[in-house]
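Tertiary structure, described
Chain residues, written in single-letter form:
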Amino acid sequence: MAATRVPPASLIRAVDRVRDGLGRLRRRSAPGPAVLLELILGAWVSQGITVAADLKIADALADGPLRTDELAKRVGADPDALARLMRALVSAGVFTVRRGRYALNPVADALRTDAPVSIAAMARFVGSPQHREHWTHFTEAVRTGQSVIPTLRGMPAFEYLHSEPPLGAVFNDAMTSMSEFAIDPVVAAYDFTGYATIADVGGGHGRLLAAILNAAPAARGVLYDLPEVVEGAPAVLARFGVTERVAVESGSFFDAVPAGADMYVMKNVIHDWADAESVAILTSVRAAARPGAKLLLLEAVIPEHHREFLPKWLDMEMLVSAGGRERTEAEYRALYQRAGFRLDRVVPTVTPFSLIEGVAV
């Protein structure tokens, strides 16, 4: 399977700076109340995208443009209400319309459930009634510094998702899509060929590990996650042709992780946890790692600048939901030191996520 061509991270960062500058110019040229109102009403746009994902409108348009009545019949919606929704989404740059027929554009294409990188499940999770309710308690989270889910639901976030199977399934699909979003950029940004054994801790079904091993043909892998999670790994590993090169092990990274790997990879694990739990996880990794072994975290690294950066809002999601946080490079450096690692460098990717490279000391 050919990897997607990934542009240089420096180019993407330059484009981001230009977009931020244009956005600031636009906001400065408009009255303050108008700018603030537009920001507030962005929640309506988000919910409109959720409706499109729930109705699978992008799937219905995958074979070609449709008139309102045709589209309404395909998705089971009221024609008038659907036309009004599509008018609003087209104005926001989601979908396009020509001669009375609605069609996909590159933005809407990402709402297809079978898109190479689908955002449909993320739209459905963020717009779900349960998750919207969590965010209505955002003020309390800021007042207390605590996640709202344990108080609201009577259990931590991941236990709550497990107790709500339909919502949990949407969440898992969303996380899988986000993994797919990051895979090609990670492989493009980092050379994995110098490592004989690579352990993916908290690696889910092994999609990232499979991509790494395909980029490093001489390496072998260890996939480690909870027993109920790695049950789904064999199909993924077989799909990408790495079954014979991966040892699948199960357990909790709070207790121990597989010993002896040359590199330990963890993707979007540490941001789920507060500092004490994060240090405990990294300490488990350090206990398994020989001196000189590498640690590579894939996480958002909050920059020092005050420009727009999506993970600044992802940090708020972690506050509301999981009780974790996104961190700066200095904060990751401190975690590494407390757990027995030295942070050597942060490697940017074309996504909002970076590779935080450390070594066991």
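Residues numbered from 1 in each chain as written. Predicted model: local features only at pLDDT ≥ 70, side-chain atom pairs only at ≥ 80, totals over all residues. Heavy atoms only, no water.

**Focus on the overall build of the protein chain**
Across its full length, the protein chain carries 19 helices and 11 strands. With the principal axes as the frame, the protein chain shows a C-alpha extent of 65 × 45 × 45 Å. Contacts spanning at least 24 positions in sequence make up 66% of the contacts within the protein chain whose residues lie at least 6 apart. Looking at the protein chain as shown, the accessible area adds up to about 18,600 Å², and 58% of this sits on carbon and sulfur atoms. Each charge class in the protein chain was averaged separately, 38 positive and 41 negative side chains, and the resulting centres sit 8 Å apart. (Helix = DSSP H or I, 4+ residues; strand = E, 2+ residues; numbered from the N terminus. Contact = heavy atoms within 4.5 Å. Areas by Shrake-Rupley, 256 points an atom, 1.4 Å probe, with all protein chains shown as cover. Lys, Arg positive; Asp, Glu negative; His and termini not counted. Charge placed at Lys NZ, Arg CZ, Asp CG, Glu CD.)

**Observations regarding the UniProt feature "domain: O-methyltransferase C-terminal" (unreviewed entry) in the protein chain**
Listed under "domain: O-methyltransferase C-terminal" (unreviewed entry) in the UniProt record, and renumbered for this structure, are residues 135-342. Each end of residues 135-342 is marked by a C-alpha atom, and these two atoms are 36 Å apart; helix forms 49% of the span and strand 16%. (UniProt positions renumbered as here; feature names shortened; annotations may be inferred.)

**Quick look at the sheet that holds strand 3 (residues 101-103)**
What the three strands build is an open sheet, ordered 1-3-2; its pairing is antiparallel. The open sheet has two edge strands, strand 1 (66-67) and strand 2 (96-98), and neither has a second partner. Here strand 1 pairs with strand 3 via two bridges, running antiparallel. For Leu-66, the partnering residue across the bridge sits in strand 3 and is Tyr-102. Of the strands in this sheet, strand 2 and strand 3 touch helix 6 (residues 79-91), which is tilted by about 50 degrees from strand 3. (Pairing = 2+ DSSP bridges. Axes fitted to C-alpha atoms, helices over the stretch in contact; angles between N-to-C directions.)

**Here's the deal with the UniProt feature "active site" (unreviewed entry) in the protein chain**
Residues annotated by UniProt as "active site" (unreviewed entry) correspond here to His-271. With respect to the element layout, His-271 can be found in the loop between strand 7 (263-267) and helix 17 (275-288). The exposure class of His-271 is buried, given its relative accessible area of 8%. Excluding residues that lie within four positions of it along the chain, His-271 makes contacts with Glu-299, Leu-314, Met-318, Gly-324, Arg-325, Glu-326, Arg-327 and Tyr-332. (Buried < 20%, exposed > 50% of the residue type's maximum accessible area, 1.4 Å probe, protein only.)

**Overview of the packing of helix 17 against helix 19 (residues 329-339)**
Following both chains from N to C, one finds helix 17 and helix 19 inclined at 50 degrees, their axes separated by 8 Å at the closest point. With respect to their mutual orientation, helix 17 and helix 19 come out oblique. Considering the relative orientation of helix 17 and helix 19, their crossing is right-handed. Here Asp-275, Ser-278, Val-279, Leu-282, Thr-283 and Arg-286 of helix 17 come into contact with helix 19, specifically with Leu-335, Tyr-336, Arg-338 and Ala-339. Of the residues belonging to the contact of helix 17 with helix 19, the class tally is five nonpolar, two polar and three charged. (Parallel < 35°, antiparallel > 145°, perpendicular 65-115°, else oblique. Left-handed = near helix turned anticlockwise from the far one by under 90°. Nonpolar A, V, L, I, M, F, W, Y, C, P; charged D, E, K, R; others polar.)

**Focus: the side chain of Thr-351**
Relative to the assigned elements, Thr-351 resides in the loop between strand 10 (341-348) and strand 11 (353-360). A polar contact is formed between the side chain of Thr-351 and the side chain of Thr-349, at a distance of 2.8 Å. A polar side-chain atom of Thr-351 sits 3.0 Å from the main-chain amide nitrogen of Phe-353. Look past the residues within four positions of Thr-351 in its chain and what remains in contact with it is Arg-13, Phe-181, Ala-182 and Pro-185. (Polar contact = N/O pair within 3.5 Å; in protein donor to acceptor, adjacent residues only side chain to side chain.)

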